[in-house]
Amino acid sequence: MMDILEQDKALLWHPFTQAATAPPPLAIQSARGAYLYTYDGRRIIDAISSWWVTLHGHVHPAIANAIAAQAHTLEQVIFAGCTHAPAVELAAQLTKLLPPSLSRVFYSDNGSTAVEVALKLALQYFWNAGTPSRQRLIAFEGGYHGDTLGAMSAGRGSGFFAPFMGQMMTVDVLPIPTVGYDDLEAVEQRVLQAFANLPLENTAALIIEPLIQGAGGMRLHRPEFLNALMALARQAGVLVIFDEVMTGFYRTGKLFALHHLDHAPDMVCLSKGLTGGFLPMAVTVCTETIYTAFLDKNFDKAFAHGHSFTANPLGCAAALASLALTQQQQTTQAVQCIESCYRREWHALATHPRARNVRHLGTIAALDVAADESGYTATIGSHLKAFFLEHNCLIRPLGKVIYLMPPLCIQEEDVQRCISVVKAALDSLA
Ligand SMILES: *Cc1c(COP(=O)(O)O)cnc(C)c1O
């Protein structure tokens, strides 16, 4: 095991990590269900679904078998000019589960690419339609959409991307009316007014993480606000993009966050849980109206975008197996079980002097630690993370926001265990 850590230190560069100060990584040998197993024999509860991807649990046999079978049949083929059954079948299944207006599926391979595709489709849609002046985008403070340049532009309000601010697309950033603050309805009205005052006739699209901002700190906004915002966007001819990369697949208690809302967006981005967390894969699903605007005798209007692994058959096979599991009654029961545990035990933390804004949405529970610092880099976060690991729970606070987002297969006693470890961590701050 020492050897792995030494070689890792010599060779590797980890994501979102300050290597100069970070503790050594956990060396994970295997995993099963909601547990990670280290080389030195520890069993750790994966309370964050390995960065929000693991859906039905690690090494789920149905998904592992589907990938293996597909690997022996067709592992990969160019998707320009070729097609295959897993890609067609997955598109059919997904569009059946989404609102009927979302009917065209464009494949890519991660959340950032799904967002890049959506942004580029929005810009080219208006270019193709002869209104190329619509080039601006609208996004939200605290919004996060990935780490490629377009996705960073949409997430410029996240606070993560200072070195790149000079190279970004034109994005108007609106405040987000966050549940848990006083006078919420007045704030919502101000944001809707601010939206109406933007140069909407030059705006192509609005992008939002519906109902909950993930990396921005598990911040909730009300469906009533989003419904009102979407109505305004529609009136102004601004396309609405839902980034459901994190919220998809029951994280918000319903299959997709859009199922909590009155109107369907014009595009939705899915990734993370799409393959159950087994393989990198993403889709951007859009309306037939958008698709049709790209049809022409000339190539000029086509969408000149594609990734080497577009619609990778292994990813499609994993996603089909994961979707089949998602549709079993067991899955909705698991979601309800997690939620009722949160209602009883997570919300009991509200009386803790160190806890603020104790909240949950679906299978995501969060609270803010009462402390002076704020932001992702708050040092309290690294103290808490170490405390959780000592207690064999993988929980990674976002700054001073502690959250749980376990795989749906987690046992109730393990949810309870995580909650009691969070309570102990708050006690340790005294
Ligand atoms: C994680 C995330 C992304 C980026 O996905 P990657 O696969 O990490 O590129 C985009 N949007 C949201 C809402 C996310 O949570």
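Just above, that's the structure.
Here's what I pulled together on the structure shown here. (Residues numbered from 1 in each chain as written. Predicted model: local features only at pLDDT ≥ 70, side-chain atom pairs only at ≥ 80, totals over all residues. Heavy atoms only, no water.)

Re the nonpolar core
Here comes step 1: Within the largest apolar cluster, 70 residues are counted, with the highest numbers of intra-cluster contacts made by Tyr107, Met218, Leu229 and Phe242.
Here comes step 2: Here this core takes five residues from helix H8 (residues 223-235), the largest share from any one element.
Here comes step 3: Contact partners of Met218, with chain neighbours within four places excluded, come to Trp52, Ile212, Gln213, Met246, Arg359, Ile364, Ala366, Leu398, Tyr403 and Met405.
Here comes step 4: Membership of the second largest hydrophobic core comes to 31 residues, among which are Ala355, Ala365, Leu404 and Val422. (Core = buried A, V, L, I, M, F, W, Y, C linked by side-chain atoms within 4.5 Å. Buried < 20%, exposed > 50% of the residue type's maximum accessible area, 1.4 Å probe, protein only. Helix = DSSP H or I, 4+ residues; strand = E, 2+ residues; numbered from the N terminus. Contact = heavy atoms within 4.5 Å.)

Digging into the packing of helix H4 (residues 85-97) against helix H10 (residues 313-326)
Here comes step 1: Packing of H4 against H10 brings their axes to within 9 Å, and their N-to-C directions diverge by 40°. When the interaxial angle is binned, H4 and H10 end up oblique. Handedness of the H4/H10 crossing: left-handed. On H10, the residues touching Pro86, Ala87, Glu89, Leu90, Gln93, Leu94 and Leu97 of H4 are Pro313, Cys316, Ala317, Ala319, Leu320 and Leu323. (Axes fitted to C-alpha atoms, helices over the stretch in contact; angles between N-to-C directions. Parallel < 35°, antiparallel > 145°, perpendicular 65-115°, else oblique. Left-handed = near helix turned anticlockwise from the far one by under 90°.)

As for the pattern of salt bridges
Here comes step 1: Inspection of every chain in the model, using the stated rule, returns nine salt bridges.
Here comes step 2: Between Arg104 and Glu288 there is a salt bridge whose closest N-O contact spans 2.9 Å. One end of the pair, Arg104, is in strand S4 (residues 102-108); the other, Glu288, is in helix H9 (residues 288-292), with 184 residues separating them in the sequence.
Here comes step 3: Relative accessible area serves as the criterion here: at 32%, Glu288 is assigned to the partly exposed category.
Here comes step 4: Where Arg344 meets Glu345, a salt bridge forms, and the shortest distance between an N and an O atom there is 3.7 Å.
Here comes step 5: A relative accessible area of 44% places Arg344 in the partly exposed class.
Here comes step 6: A residue is classified by how much of its surface remains accessible, and Glu345, at 25% relative accessible area, is partly exposed.
Here comes step 7: Ionic contacts of the salt-bridge type, sharing partners, join the residues Glu188, Arg222 and Glu224 into one network. (Salt bridge = Lys/Arg side-chain N within 4 Å of Asp/Glu carboxyl O.)

Here we look at the side chain of Thr284
Here comes step 1: For Thr284, the location among the structural elements is in strand S12 (residues 282-287).
Here comes step 2: By relative accessible area, which is 0% here, Thr284 ends up buried.
Here comes step 3: From its side chain, Thr284 meets the backbone oxygen of Ala114 in a polar contact 2.9 Å long. (Polar contact = N/O pair within 3.5 Å; in protein donor to acceptor, adjacent residues only side chain to side chain.)

Details of the packing of helix H12 (residues 380-390) against helix H13 (residues 412-429)
Here comes step 1: Axis separation between H12 and H13 bottoms out at 10 Å; the angle between their running directions is 130°. Taken together, the axes of H12 and H13 lie oblique to each other. Crossing hand, H12 versus H13: right-handed. Residues Ile380, His383, Leu384, Phe387 and Phe388 of H12 pack against Val421, Val422, Ala424, Ala425, Ser428 and Leu429 of H13.
Here comes step 2: Residue classes in the contact of H12 with H13 are distributed as nine nonpolar, two polar and no charged. (Nonpolar A, V, L, I, M, F, W, Y, C, P; charged D, E, K, R; others polar.)

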